[in-house]
Amino acid sequence: MKKSMKLLIVSMLAFSLGLAAGNYAVSDVPSNFKVAVVDVQKVVAASGQVKTLTQEQASQRESLSKFISKASDEIKKEKDETKKKALEEKYNKEFKTKQESIVKNYEKKLLEIDKNISSVITSKAKANGYNLVLSKSIVLSGGTDITEEISKELLQECGVIRRMLVKSINTAKGSTQ
């Protein structure tokens, strides 16, 4: 009985010290410390850059599919087995090169988009005086949700880029005519 009583007292003391230490750690946070949260999945889904990249990927998949059909038809038409094998090797090599190029390009653009989204989040947070920005998926409660602000900023940025591209295309068309 004495042993269990000592264990209970030691446990209560440790628990009390833990609570006190936790309160002390929280009391060190400045009163003007601002936390923002961002629903990253929502921002990415709403991003014009991601939509453009998705459309580009679909177009490239369609192009690869046409390439495969053309290669398959050409291989089927060939009667000579040696030439057939050579064609298969040629088209397999070509396909692999095209596929690697598409993947490399996709990864590069995805990295650029990620950097851009992170940059927009960071600049918006600094402009609004936030000390910390967390993903909404890891926050149970608290923080100011700035998801809509980030999404709007990215859409505006995408619109500016589109206008610049259209202007440069029109300028290039005018100079070639």
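Residues numbered from 1 in each chain as written. Predicted model: local features only at pLDDT ≥ 70, side-chain atom pairs only at ≥ 80, totals over all residues. Heavy atoms only, no water.

A few points about the nonpolar core
In summary, soluble globular proteins display a tendency toward joint burial of nonpolar side chains. The criterion, for reference: Each nonpolar core is a collection of buried residues, namely Ala, Val, Leu, Ile, Met, Phe, Trp, Tyr and Cys, held together in the definition by side-chain atoms within 4.5 Å. The cut-offs for exposure are 20% and 50% of the maximum accessible area for each residue type, with area from a 1.4 Å probe on protein chains only; residues under the lower value are buried, those over the upper are exposed, and the others partly exposed. Runs of E in the DSSP output that reach at least two residues are strands. Runs of H or I that reach at least four are helices, and both are numbered from the N terminus.
Val38, Val43, Ile117, Ile146, Ile150 and Leu154 are the most contacted members of the largest nonpolar core, which totals 14 residues. At the level of secondary structure, the elements contributing two or more residues to this core comprise strand E1 (35-38), helix H3 (48-77), helix H4 (81-127) and helix H5 (147-176). Broken down by element, this core gets its largest block of residues, five residues, from H4. Core analysis: the next-biggest nonpolar cluster, separate from the first, contains five residues, Phe67, Ala71, Leu87 and Tyr91 among them.

Describing the pattern of salt bridges
Worth spelling out the cut-off: Note on definitions: salt bridges are taken to be side-chain nitrogens of Lys or Arg within 4 Å of carboxyl oxygens of Asp or Glu.
By the definition in use, this model includes five salt bridges. The salt bridge partner of Lys42 is Glu148, with a shortest N-O separation of 2.9 Å. Remark: Glu148 occurs in helix H5 and Lys42 occurs in helix H2 (residues 40-46); sequence separation between them is 106 residues. Given the relative accessible area of 43%, Lys42 is considered partly exposed.

Describing the pairing of E1
Note the following rule: Think of it this way: DSSP has to see at least two bridges between two strands before they count as a pair.
In this sheet, strand E2 (residues 132-135) lies alongside E1 in parallel orientation, the contact comprising four bridges. When the bridges of E2 are listed, Ala36 appears paired with Val133. For E1 and strand E3 (residues 144-145), the ladder comprises two bridges, and the chain directions are parallel. From the neighbouring strand, Val37 faces E3, where its bridge partner is Asp145.

Remarks on the packing of aromatic side chains
Note the following rule: Two rings belonging to Phe, Tyr or Trp (six-membered ring only in the last case) form a pair when the distance between their centres is within 6.5 Å. Interplanar angles under 30 degrees mark stacking, angles over 60 mark edge-to-face geometry, and anything in between is tilted. Two conditions define a charge located above a ring, namely a distance within 6 Å from the ring centre to NZ of Lys or CZ of Arg, and an angle within 35 degrees of the ring normal.
Summed over all chains, the structure comprises one aromatic pair. Aromatic side chains Phe67 and Tyr91 sit 5.7 Å apart centroid to centroid with 70° between the ring planes, which places their arrangement in the edge-to-face category. One end of the pair, Phe67, is in helix H3; the other, Tyr91, is in helix H4, and 24 residues separate them in sequence. Residue Phe67 is classed as buried on the basis of its relative accessible area, which comes to 11%. Since its relative accessible area comes to 6%, Tyr91 is described here as buried. Positioned above the aromatic ring of Tyr130 is the side chain of Lys34, whose terminal nitrogen or guanidinium carbon lies 4.6 Å from the ring centre.

Some remarks on the sheet that holds E2
Strands in a sheet are paired, the pairing made by backbone hydrogen bonds, and the direction either parallel or antiparallel. Reading across the sheet, the three strands line up as E2-E1-E3 and stay open at both edges, with parallel pairing between neighbours. Looking at which strands have only one partner, the edges of the open sheet turn out to be E2 and E3.

Re H3
Note the cut-off: In this analysis, the expected span of each helix is defined as 1.5 Å times one less than the number of residues it contains. Think of a polar contact as two N or O atoms within 3.5 Å of one another; within protein, one of them needs to be a possible hydrogen donor and the other a possible acceptor, and neighboring residues in sequence only count if both atoms come from side chains.
The terminal C-alpha atoms of H3, which comprises 30 residues, lie 44 Å apart, in line with the 44 Å expected from a rise of 1.5 Å per residue. Of the residues making up H3, those classed as buried are Gly48, Val50, Leu53, Gln57, Gln60, Leu64, Phe67, Ala71 and Ile75. Sitting at the head of H3, Ser47 places a side-chain oxygen 3.2 Å from the backbone nitrogen of Gln49.

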